[in-house]
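Analysis of the macromolecular model
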Amino acid sequence: MDSEFDNPSPLVRRARSRSCTARTSRVDDSNDRTVEPFASTEIFDHIKNINDPEHPYSLEQLDVVKEAGLLVEGSRVKVVFTPTVPSCSMVTLIGLSIRLKLSRVLPKRFKVDTIVYPGSHTSEMSVNKQLNDKERVAAALENPNLVQKVDLCLSGKTAF
């Protein structure tokens, strides 16, 4: 049964217990003159518990996402993530889960870029292009089977 996974024995790290109070505003506050910037710690708190599609572990536990891989500049968020193996077939699903989670919790004024860590995946350029193309992401989210798998990852369950 293990042979069906890209990485049947992933390295699992202990999740940190630290957590800040992450805002979950979907209000478009672009007209608010007292807009408080989001910190990378808040963004990390939103995505760290997304589950890996293949394993019963969070992206934080598998070191797929790290706080150091997040950059927040004004209304732009960049998330750099590292798949557990260079041939990970779930890399697009992981990136889509990150994008969808942030689109649900951040105000509309935010632009999210989801990037595979340079050199960490065999199809890095192709995956980055897919994940950051608005039309491709919208088309993917029209697929009910794919949305179901993403929702499973967001709910803390494995997608497969």
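Everything below is about the structure shown above.
In this report, the structure presented in the accompanying data block is examined.

Rules of the game
Residues numbered from 1 in each chain as written. Predicted model: local features only at pLDDT ≥ 70, side-chain atom pairs only at ≥ 80, totals over all residues. Heavy atoms only, no water. Helix = DSSP H or I, 4+ residues; strand = E, 2+ residues; numbered from the N terminus. Buried < 20%, exposed > 50% of the residue type's maximum accessible area, 1.4 Å probe, protein only. Contact = heavy atoms within 4.5 Å. Areas by Shrake-Rupley, 256 points an atom, 1.4 Å probe, with all protein chains shown as cover. Axes fitted to C-alpha atoms, helices over the stretch in contact; angles between N-to-C directions. Left-handed = near helix turned anticlockwise from the far one by under 90°. Nonpolar A, V, L, I, M, F, W, Y, C, P; charged D, E, K, R; others polar. 1 Å grid on protein atoms, 1.4 Å probe; cavity = no way out; pocket = protein on both sides within 12 Å on 5 of 7 lines; lining within 4 Å. Points joined across faces, edges and corners; volume = space filled by probe spheres on them. Pairing = 2+ DSSP bridges. Phe/Tyr/Trp six-rings, centres within 6.5 Å; stacked < 30°, edge-to-face > 60°.

Along its length, the chain carries five helices and three strands. Going from N to C terminus, the chain has its helices and strands arranged as α-β-β-α-β-α-α-α. Counting over 160 residues, the chain shows a buried share of 40%. Long-range contacts, defined as pairs at least 24 residues apart, comprise 67% of the intrachain contacts of the chain with a sequence gap of at least 6. Here the chain has roughly 8,900 Å² of accessible surface; of this, 50% comes from carbon and sulfur atoms.

The next point concerns the packing of helix α1 (residues 40-47) against helix α2 (residues 91-105). Put simply, α1 and α2 touch, their axes get as near as 9 Å, and they point 115° apart. Here α1 runs over α2; the crossing is right-handed. Across the interface between the two elements, Ile 43, His 46 and Ile 47 of α1 pack against Ile 98, Lys 101, Leu 102 and Val 105 of α2. Its residues placed into classes, the contact of α1 with α2 shows five nonpolar, one polar and one charged.

Glancing now at the layout of surface pockets. When its volume is computed, the largest pocket comes out at roughly 390 Å³. Lining the largest pocket we find 18 residues, and of these Arg 99, Ser 103, Phe 110, Lys 111 and Val 112 sit closest to its centre. For the lining of the largest pocket, the secondary-structure elements that each account for two or more residues are α2, β3 (111-116) and α4 (134-140). Sort the elements by how many residues they give to the lining of the largest pocket and α2 lands first, with five residues.

Two elements, strand β1 (residues 70-73) and strand β2 (residues 76-81), share four bridges in a ladder whose sense is antiparallel. Directly across from Leu 71, in β2, lies its bridge partner Lys 78. Hairpin remark: β1 followed by β2, antiparallel, with two residues in the connecting loop; positive phi at Gly 74, about 65°.

Now for the packing of aromatic side chains. Enumeration over the complete set of coordinates arrives at one aromatic pair. On the numbers, 5.1 Å between centres and 85° between planes, the contact of Phe 38 with Phe 110 is edge-to-face. Here Phe 38, found in the segment before α1, pairs with Phe 110, found in the loop between α2 and β3; they are 72 residues apart in sequence, far enough to count as distant. Judged by relative accessible area, which is 5%, Phe 38 ranks as buried.

Strand order in the open sheet made by the three strands is β1-β2-β3, with mixed pairing throughout. Strand pairing shows two members of the sheet lacking a second neighbour, β1 and β3, which therefore form its edges. Taking each pair of neighbouring strands and ignoring which way they run, the sheet shows an average axis angle of 15°. As defined by bridge partners, β2 adjoins β3 across six bridges and the pair is classed as parallel. Bridging across to β3, Lys 78 finds its partner in Asp 113. Those strands touched by α1 are β1 and β2, and its axis lies near 130° from that of β1. Together, β2 and β3 form the strand contacts of helix α3 (residues 124-131), whose direction differs from that of β3 by roughly 165°.

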